[in-house]
Amino acid sequence: QVRLVESGGGLVQAGGSLRLSCAASGRAFSSYFMGWFRQAPGKEREFVAAIHWSAGSTYYADSVKGRFTISRDNAKNTVYLHMNSLKFEDPARYYCGAVRGQYGSLIYRRTDYDYWGQGTQVPVSS
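Report on the accompanying structure. Every value quoted in this text rests on a predicted model; they were computed, and no experiment measured them. (Residues numbered from 1 in each chain as written. Predicted model: local features only at pLDDT ≥ 70, side-chain atom pairs only at ≥ 80, totals over all residues. Heavy atoms only, no water.)

1. Examining the side chain of Thr 120
Reasoning step 1: Structurally, Thr 120 can be placed in strand 10 (residues 120–122).
Reasoning step 2: Side-chain polar atoms of Thr 120 contact the backbone nitrogen of Gly 9, separated by 3.1 Å.
Reasoning step 3: In this structure Thr 120 touches Glu 6, Ser 7, Gly 8, Gly 9, Leu 20, Ala 92, Arg 93 and Tyr 94, once residues within four positions along its chain are discounted. (Helix = DSSP H or I, 4+ residues; strand = E, 2+ residues; numbered from the N terminus. Polar contact = N/O pair within 3.5 Å; in protein donor to acceptor, adjacent residues only side chain to side chain. Contact = heavy atoms within 4.5 Å.)

2. Here we look at the state of the cysteines
Reasoning step 1: Counted by the stated rule, this structure contains 1 disulfide.
Reasoning step 2: Residue Cys 22 pairs covalently with Cys 96 via a disulfide, S to S 2.1 Å. Taking the torsion about the sulfur-sulfur bond, which here is approximately -80°, the covalent link between Cys 22 and Cys 96 counts as left-handed. Remark: Cys 96 occurs in strand 8 (residues 92–100) and Cys 22 occurs in strand 2 (residues 18–25); sequence separation between them is 74 residues. The pair formed by Cys 22 and Cys 96 is uniform in burial state, with each residue classed as buried. (Disulfide = S-S within 2.5 Å. Buried < 20%, exposed > 50% of the residue type's maximum accessible area, 1.4 Å probe, protein only.)

3. Brief notes about the pairing of strand 8
Reasoning step 1: With 7 of 9 residues buried, strand 8 lies mostly within the body of the structure.
Reasoning step 2: As defined by bridge partners, strand 3 (residues 32–39) adjoins strand 8 across 8 bridges and the pair is classed as antiparallel. Opposite Gln 39, over in strand 8, you have Arg 93 as the bridge partner.
Reasoning step 3: Two strands pair when backbone bridges link them, and strand 8 and strand 10 are joined in this way by 3 bridges, in the antiparallel orientation. Paired with Arg 93 across the strands is Gln 121, a residue of strand 10.
Reasoning step 4: Summarising the sheet, strand 8 and strand 9 (residues 115–116) pair through 2 bridges and their orientation is antiparallel. Paired with Ala 98 across the two strands is Tyr 115, which belongs to strand 9. (Pairing = 2+ DSSP bridges.)

Listed below in structure tokens is the structure:
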């Protein structure tokens, strides 16, 4: 069974840092993009960042560019989201997803994703 399990969420003040993890299991993800989305109360789930599991190419939403860094450890089957300089708009539930494909255009729409985790909460305060 394919599973994506997020962890690392927690309370942090504005300007602080946090690292989220997404542990993937159940299949090989070498042909997949791994993406992070977030959803705040009353808002749509929005794209944050993505990385291709094999190629390592990265993509970021403008709102987090320069502050967040996505990475992966293939040996551990884990993708990370390093969150720095957290702002008041960053509190949300963060979700890890996986979408199979070659082109970066696949990563921006949540409906295109093949797998999702249950999310991890980031109750950031300012």
